[in-house]
Structures are given as C-alpha cells and as structure tokens.
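Report on the structure
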Amino acid sequence: MNERFERLLARAEALIDRIEAILPQPLCAPDWGASVAFRYRKRGAHGVLEPVRHVASIRLEDLQAIDEQKARVQRNLERFVRGLPANNVLLTGARGTGKSSLIKACLNEYAPQGLRLIEVDKGDLTDLPDIVEVVAPRPERFLVFCDDLSFEEGEPGYKALKSILDGSVAAATPNVLICATSNRRHLLPETMRDNLAATYGDDGELHPAEAVEEKVSLSERFGLWVSFYPFSQDEYLAVVRQWLAAYGVPEAQWDEARRAALVWALERGARSGRVAYQFARDWAGRTSAEGA
C-alpha cells in the first residue's frame, strides 16, 4: 500500500510541476549591475528582464539637425534623473529622423547619473504593472521604452499603457518614466468612418464621435510631445558629411560623395538621418574595398 501511495504521490508532484511551469510566475529582478539597458521578454508564460550586453554607443553630439528636439527631451530627462517631476514622452514624426537614436543617446548621456532603460515590445505592455513593481524599490531612474509604437483595433496593450500613464489606481512610481516613438501622432489608425459617426447638434456645431475621442486619448496622456520632420537637402548632406568623417572617408572624396548621396536619397524617397547613415556606410565600405 505504501509503495502504491508513493507512486501516486510522485505522479501528483510531477503533475503539479508541469502545471506550475505553464502558470505565470512573479517577475524576478535581474542583475541590475550587468548593464544600463534591459529588454523585457516573454519565455512561455514567464516574463524575464534580460540585460543588454552591447548597448548602442551613439552620443548626443552624433545627432544632427534635431537640436530643438534634443533640447526638449534633455530638459525633461535632466529633471527626471534629479528626482524632479518630469513628463512621459511621445516622439512622433517622419521615419528615420532620429527618434529612437535620441533615446539611446540620452541613455548613454545620463547613465552615469543613474538612468536605466527597459525596452518593452507593444505586445508585452499588458505586463507593465509587473515591471513597475519590480523597479519601484530601486534607487535608479528607469525609462520604459517602447519603439515604433502603434496599435490596431482591440489590441490589449493599448488599455494597459493608457492605464499606467494616467488613470489606473496602480500608477507608475516616481522612478519610472514612459517613452514611446511612433510614426503616428495618435497611435491608433484613424478612418473615415470615425468622422461619419459624428453627429450634428441643434446649434449646427459638429460634435466629434466618441470613437475619435478614444483614439486621441492615449497620446494625450503623454505629457511631452516631440515632433520630428523630414530633413531639408542641406540638413541631409550635413549628416552625410558627419558620418563620412566618422567612417574615416577623406575630405577630398566628399564632393563626389555628395552627388552619390543625393541619388541615394532619391532612390529611397526620403532624406533622413537613417538614409544618410546607410549611405555613408555603403560609401565607406565600397571605397575601402576598391582601394584594397
């Protein structure tokens, strides 16, 4: 009887172990000294904060043609790392103009003052309260970063982010700031049928439909909006020259590279910092190979 009982007990314990393996577990703190940046990743039902071993080395001085945007974000982050009130940040606008690079550069600038970054994919935003709970007792200041953020109708992360920004009884702690980048100002798709749902009052005034109000309400919960715009030709070429110099391309080649850079931008249909960086990498690699 005892042997049979032991077998049943072993089976029960094995079953419990299997069930516990698929059940959500409390988020564990990582080794905070391993890096200044972390990624939140899901491993099955479990969330993990993984240290980023190779943090992008870009500096604020590397970013050209966005001086006003740099100044606004820096002022906000300087207050944040000093423990003063600061706003959550939404960076929107033209693609490739330095939105994500500005956040990486700010991390490198303010990491010695205790700034840390946690990157969260939009699909994992429902776990934001767990992340906030883990970092709340820490002395560091945490920038929770969601890159290229936009939502489709009905995505669960939308409500989670909206609540943590402003509206939930479990608000973010003072050592947490939310920062997102997006090509969409209002983060949700806006369609003609939203406007068709609007109604006219007796006084003839157009009252926006509740659907429109819902779509703009998320972006309005970010206290600081910073807009980025397409580069002019002169701004684009200035960034090209900067990256050519960074890659050690001799100044004697810059006139020839200028013409090629304009063609490069025309082929891609955009003048931006990203396009300038990609061109400089191509030019430096190509000329180095030809000279070898």
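These notes cover the structure that comes with them. (Residues numbered from 1 in each chain as written. Predicted model: local features only at pLDDT ≥ 70, side-chain atom pairs only at ≥ 80, totals over all residues. Heavy atoms only, no water.)

As for the sheet that holds strand β6 (residues 176-182)
Pairing within the open sheet is mixed, and its seven strands lie in the order β2-β1-β4-β5-β6-β3-β9. Each edge of the open sheet is held by one strand with a lone partner, namely β2 (46-51) and β9 (224-228). Direction aside, the axes of adjacent strands within the sheet are offset by 25° on average. Pairing of strand β1 (residues 37-43) with β2 involves six bridges; the strand directions are antiparallel. Bridged to arginine 43 within β2 is histidine 46. This element, helix α2 (residues 67-81), spans β3 (89-93), β4 (115-120), β5 (141-146), β6 and β9 of the sheet and lies at about 150° to β9. The sheet contacts of helix α4 (residues 128-135) involve β1, β2, β4, β5 and β6, and relative to β4 the element is tilted by about 160°. (Pairing = 2+ DSSP bridges. Helix = DSSP H or I, 4+ residues; strand = E, 2+ residues; numbered from the N terminus. Axes fitted to C-alpha atoms, helices over the stretch in contact; angles between N-to-C directions. Contact = heavy atoms within 4.5 Å.)

Considering helix α3 (residues 99-110)
Taking 1.5 Å per residue as the helical rise, α3 with its 12 residues ought to reach 16 Å, and the 17 Å between its terminal C-alpha atoms agrees with that figure. Along α3, nine of the 12 residues are buried, which leaves the element largely enclosed by surrounding structure. (Expected span 1.5 Å × (residues − 1). Buried < 20%, exposed > 50% of the residue type's maximum accessible area, 1.4 Å probe, protein only.)

Describing the packing of aromatic side chains
Applying the stated rule across the entire model yields six aromatic pairs. With centroids separated by 5.8 Å and ring planes inclined at 70°, the aromatic side chains of tryptophan 264 and phenylalanine 279 adopt a geometry described as edge-to-face. You can see tryptophan 264 sitting in helix α9 (residues 254-268) and its partner phenylalanine 279 sitting in helix α10 (residues 273-291), a full 15 residues away along the chain. In this pair, the class of tryptophan 264 matches that of phenylalanine 279, namely buried. Of the aromatic side chains, those joined through ring pairs into one cluster are Trp32, Phe38 and Phe142. Stacked on the ring of phenylalanine 80, the Lys or Arg arginine 141 has its end atom at 4.8 Å from the ring centre. For arginine 268, the ring lying beneath its charged end belongs to tryptophan 264, and the centroid distance is 3.6 Å. (Phe/Tyr/Trp six-rings, centres within 6.5 Å; stacked < 30°, edge-to-face > 60°. Lys NZ or Arg CZ within 6 Å of the ring centre and 35° of its normal.)

Quick notes on the packing of helix α8 (residues 233-246) against α9
One way to put it is that α8 packs onto α9 with a least axis distance of 10 Å and a crossing angle of 125°. Classified by the interaxial angle, the pair formed by α8 and α9 is oblique. Along this stretch, α8 crosses α9, giving a crossing that reads as right-handed. Between α8 and α9, the contacting residues are Gln233, Tyr236, Leu237, Val240, Arg241, Leu244 and Ala245 on the first element and Trp254, Ala257, Arg258, Ala261, Leu262, Trp264 and Ala265 on the second. A breakdown of the residues in the contact of α8 with α9 according to their chemical character gives 11 nonpolar, one polar and two charged. (Parallel < 35°, antiparallel > 145°, perpendicular 65-115°, else oblique. Left-handed = near helix turned anticlockwise from the far one by under 90°. Nonpolar A, V, L, I, M, F, W, Y, C, P; charged D, E, K, R; others polar.)

Focus: the side chain of aspartate 124
Structurally, aspartate 124 can be placed in the loop between β4 and α4. For the buried residue aspartate 124, which engages in no salt bridge, the nearest side chain bearing the opposite charge is lysine 42, 4.7 Å off. Setting aside residues up to four positions removed in sequence, aspartate 124 forms contacts with Tyr40 and Lys42. (Lys, Arg positive; Asp, Glu negative; His and termini not counted. Salt bridge = Lys/Arg side-chain N within 4 Å of Asp/Glu carboxyl O.)

Coordinates in, geometry out; function isn't part of it.
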